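Here's the letter readout for the chains.
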Amino acid sequence: MSAYVHEVRVREVIAETADSVTLVLDVSDEVTPRFDYECGQFLTVRIPSPTTGSVARCYSLSSSPHDPHLAVTIKRTAGGYASNWLCDNVVPGSSLEVLEPSGTFVPASLDRDVLLCAAGSGITPIMSIAKTVLARGAGRVIVLYANQNRESTIFHRQLAELEQAYADRLVVVHWLVDERGLPTVDGLAAEIRTHTFDDVFLCGPAGFMSEAHIALSSIGVPAERIRREEYRSLESNPFESSTTATQPTPPRGDHPTVEVEINGENHTFAWPKNQPLLDVLLDNGIDAPYVCRESICGTCVCSVRKGKTRMLLSDALTDEDIDMGVTLACQTLPESDEVYIAFDQ
Ligand SMILES: Cc1cc2nc3c(=O)[nH]c(=O)nc-3n(C[C@H](O)[C@H](O)[C@H](O)COP(=O)(O)OP(=O)(O)OC[C@H]3O[C@@H](n4cnc5c(N)ncnc54)[C@H](O)[C@@H]3O)c2cc1C
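Cut-offs and rules
- Residues numbered from 1 in each chain as written.
- Predicted model: local features only at pLDDT ≥ 70, side-chain atom pairs only at ≥ 80, totals over all residues.
- Heavy atoms only, no water.
- UniProt positions renumbered as here; feature names shortened; annotations may be inferred.
- Pairing = 2+ DSSP bridges.
- Helix = DSSP H or I, 4+ residues; strand = E, 2+ residues; numbered from the N terminus.
- Axes fitted to C-alpha atoms, helices over the stretch in contact; angles between N-to-C directions.
- Near = heavy atom within 4 Å.
- Polar contact = N/O pair within 3.5 Å; in protein donor to acceptor, adjacent residues only side chain to side chain.
- Areas by Shrake-Rupley, 256 points an atom, 1.4 Å probe, with all protein chains shown as cover.
- Nonpolar A, V, L, I, M, F, W, Y, C, P; charged D, E, K, R; others polar.
- Domains from an automatic or database assignment.

- The name that an unreviewed UniProt entry assigns to the protein is Ferredoxin--NADP reductase, with the source organism given as Antrihabitans stalactiti.
- According to the UniProt record, the Cofactor (unreviewed entry) comment for the protein reads "FAD".

Following this line, the structure appears as structure tokens:
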């Protein structure tokens with residue numbers, strides 16, 4: 001089993017709405033430091049499956065790092081496997097296998113003013129960011145939150161309580177489809193332009209995110225100030241993959257060479273030009289951190305310290321990250337004969 005997989009115990013199950021639950025988790029003392037997290041990050045949960053052994057799904061932490069316990073909030077997806085399994089089967093005392101927190105949907109500073117836009121279950125990282133900025137930072141927070149109706153609005157009461165507690169720093173705007181129809185570009189732009197903010201965080205279904213993004217562009221918000229967390233089910237399963245060496249690639253004259261610094265050790269391998277770095281590491285039995293292998297989660301971030309590389313996709317990174325040499329191992333290919341990479345992020 002990978003060193004990044006841990007068992008956590010479900011302490012409490014809270015029904016939030018008719019189709020969503022919060023799982024409050026207990027982490028054992030010896031792995032508590034491995035579960036330090038930043039607001040906006042997620043856990044990856046192993047859900048047993050009779051056909052494939054298991055599936056892996058990401059769930060954003062709805063708790064804030066200053067809360068006493070970690071919590072994730074899951075909304076049933078119609079026809080979906082894992083979300084329904086979790087809502088139907090998990091009870092207080094259940095154990096879950098999870099990967100350590102990861103993700104890059106995290107504010108660079110808690111002192112900047114943020115616009116947080118969510119629809120449906122997209123509220124989970126937004127709630128964590130809002131609570132953390134309010135409790136630990138000085139930034140002002142606007143939450144623009146779309147739902148079908150009041151009853152299906154996750155955290156409606158908690159947001160109202162926060163608004164009372166931080167009346168001078170938090171504004172919550174609910175967009176209820178039953179009252180206003182589906183959010184439109186013009187409608188969202190009209191709401192957003194009445195507020196001032198530094199950075200924007202968007203989370204929700206693809207349709208909502210693209211409307212919100214167009215609305216933001218239409219009123220002149222630069223793309224580099226907008227962060228997005230896209231909810232989708234993982235196609236790969238980091239719980240079932242093995243890190244046992246399958247195709248060792250010793251250094252060879254006709255391949256570039258990569259020296260990798262990871263977990264306090266250095267390793268040198270041949271790096272075939274069309275093989276992403278993560279594959280090279282896993283093939284050589286290195287327990288590198290990863291979740292999605294699709295560039296969305298940012299778990300395999302590392303730094304190019306020497307040499308030249310390129311990325312196939314870079315969804316989880318900002319232009320600023322890339323300028324600083326940060327790269328995603330699952331997407332990185334060599335461009336020079338010698339490369340030095342450090343897992344130091
Ligand atoms: C970083 C991140 C954070 C996330 N955070 C949260 C969160 O906080 N809360 C939350 O609720 N979700 C969150 N998600 C989404 C979550 O990971 C799952 O994608 C979601 O729970 C649906 O998973 P599922 O197994 O229930 O659905 P799936 O079984 O993956 O199904 C998804 C959809 O595909 C359809 N489908 C399934 N199988 C087939 C098939 N064979 N043919 C055709 N259609 C099919 C289903 O009907 C359903 O509509 C997050 C995702 C990411 C990437």
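So much for the structure itself; the text now carries on.
Thoughts on the pairing of strand β13 (residues 265-270)
- Pairing of strand β12 (residues 257-262) with β13, which is carried by six bridges, proceeds in the antiparallel orientation. When the bridges of β13 are listed, V260 appears paired with H267.
- Linking β12 back to β13 in an antiparallel pair, the connection comprises two residues, with N263 at a positive phi of about 50 degrees.

Things to note about the sheet that holds β12
- The mixed open sheet is built from five strands, whose spatial order is β13-β12-β18-β14-β16. Bordering the open sheet on either side are β13 and β16 (326-328), each of which pairs with just one other strand. The mean angle between the axes of side-by-side strands here comes to 35 degrees, regardless of whether they run parallel or antiparallel.
- As paired elements, strand β14 (residues 301-306) and strand β18 (residues 338-342) share three bridges and run antiparallel to each other. Looking at the pairing, V304 lines up with I341 of β18.

Focus: the site of the ligand
- Around the ligand, 22 residues are found, and the nearest of them are C58, Y59, S83, T124 and S233.
- The backbone of K75 places a nitrogen or oxygen atom 2.9 Å from an oxygen atom of the ligand.
- Within the side chain of Y231, a nitrogen or oxygen atom sits 3.2 Å from an oxygen atom of the ligand.
- The fraction of the free accessible surface of the ligand (970 Å²) that becomes covered by protein chains is 68%.
- Elements with a minimum of two residues in the shell around the ligand: β4 (53-60), β5 (70-75), α1 (82-89) and β11 (226-230).
- In terms of residue count, the dominant contributor to the shell around the ligand is β4 (four residues).
- In the shell around the ligand, the residues fall into eight nonpolar, nine polar and five charged.
- Each of domain 1 (5-102) and domain 2 (114-230) gives at least three residues to the shell around the ligand.

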